[in-house]
Amino acid sequence: QVQLVESGGGLAQAGGSLRLSCSASGRIISSRDMGWFRQAPGKEREFVAAINYAGRFTYYADSVQGRFTISRDNAKSTVYLQMNSLKPGDTAVYYCVTKRSWGGYYSDTAYDYWGQGTQVTVSS
């Protein structure tokens, strides 16, 4: 069993920054690829970013490429999402996830454990 707890969400102005953290406990996650998804009100859940278990490879949605950076510290069992140049369209609940050994990075069916989510609100 894996428990994921997100933190760092809140209110930011357009053009500002926030840093999300995801603390993992339970089974060792250092061997698991991880990622972030988000869901805005009235919209489908969407992929944001993912990182492989060693932190060597990263993947981003086109909408956040160049503005968001995913990273991890396996010694601390923590994954981060640095969000810069925030836009009102980034407003959503952000979820930390662990990836199964199969499936593509961009599909939510490829992820098995999900955190409770943290709200990010960007004002214009």
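Here, every reference points to the structure presented above.
Being a predicted model, the structure only gives us computed values, none of them experimental.

(A) Quick peek at the environment of N52. Relative to the helices and strands, N52 is located in the loop between strand 5 (46-51) and strand 6 (58-60). Judged by relative accessible area, N52 falls into the buried class, the value being 7%. A sequence separation of 58 residues divides N52 from A110, and the C-alpha atoms of the two residues are 13 Å apart. Among residues more than four places away in sequence, those in contact with N52 are D33, F57, R72 and Y105. A distance of 2.7 Å separates a polar side-chain atom of N52 from the backbone nitrogen of R56.

(B) Fine view of the nonpolar core. Of all hydrophobic cores here, the largest spans 36 residues; its most connected members are W36, L81, M83 and Y94. A total of 5 residues in this core trace back to one element, the largest contributor, which is strand 5. Aside from chain neighbours lying at most four places away, what touches Y94 is E6, L20, W36, F37, R38, V48, F68, L81, M83, G117, T118 and V120.

(C) Highlighting the pattern of salt bridges. A full pass over the atoms with the stated rule returns 5 salt bridges. With a shortest N-O distance of 2.9 Å, D90 and R38 are connected by a salt bridge. A residue pair is termed long-range when its members are at least 10 positions apart, and D90 in the loop between strand 8 (78-83) and strand 9 (92-99) and R38 in strand 4 (residues 34-39) qualify at 52 residues. The exposure class assigned to R38 is buried, which follows from its relative accessible area of 5%.

(D) Representation of unusual backbone geometry within the structure. Not every positive phi belongs to a glycine, and S77 is a case in point at roughly 50 degrees. Turning to its location among the elements, S77 is positioned in the loop between strand 7 (68-73) and strand 8. On the accessibility criterion, S77 (24% relative accessible area) is partly exposed. We note that S85 has phi near 50 degrees; this positive angle belongs to a residue other than glycine. Looking at the element boundaries, S85 is found in the loop between strand 8 and strand 9.

(E) Fine view of the side chain of R38. Of note is the side chain of R38, whose polar atom sits 2.5 Å from the side chain of E46. Within the local environment of R38, its side chain forms a polar contact with the side chain of Y94, the two groups lying 2.9 Å apart. Excluding residues within four positions of it along the chain, R38 makes contact with E44, R45, E46, V48, S63, V64, F68, G89, D90, A92, V93 and Y94.

(F) Expanded view of the packing of aromatic side chains. For the structure on display, the rule yields 6 aromatic pairs. Summarising the aromatic geometry, the rings of Y59 and Y105 are spaced 4.0 Å apart at their centres and angled 20 degrees between planes, so their arrangement reads as stacked. Linking Y59 in strand 6 with Y105 in the loop between strand 9 and strand 10 (111-114), this pair joins segments that are 46 residues apart in sequence. Accessibility expressed as a relative area gives 23% for Y59, which makes it partly exposed. The structure contains a cluster of three or more aromatic residues connected by ring pairs, namely F37, F47, Y95, Y106, Y111 and W114.

So, how was this worked out
Residues numbered from 1 in each chain as written. Predicted model: local features only at pLDDT ≥ 70, side-chain atom pairs only at ≥ 80, totals over all residues. Heavy atoms only, no water. Helix = DSSP H or I, 4+ residues; strand = E, 2+ residues; numbered from the N terminus. Buried < 20%, exposed > 50% of the residue type's maximum accessible area, 1.4 Å probe, protein only. Contact = heavy atoms within 4.5 Å. Polar contact = N/O pair within 3.5 Å; in protein donor to acceptor, adjacent residues only side chain to side chain. Core = buried A, V, L, I, M, F, W, Y, C linked by side-chain atoms within 4.5 Å. Salt bridge = Lys/Arg side-chain N within 4 Å of Asp/Glu carboxyl O. Phe/Tyr/Trp six-rings, centres within 6.5 Å; stacked < 30°, edge-to-face > 60°.

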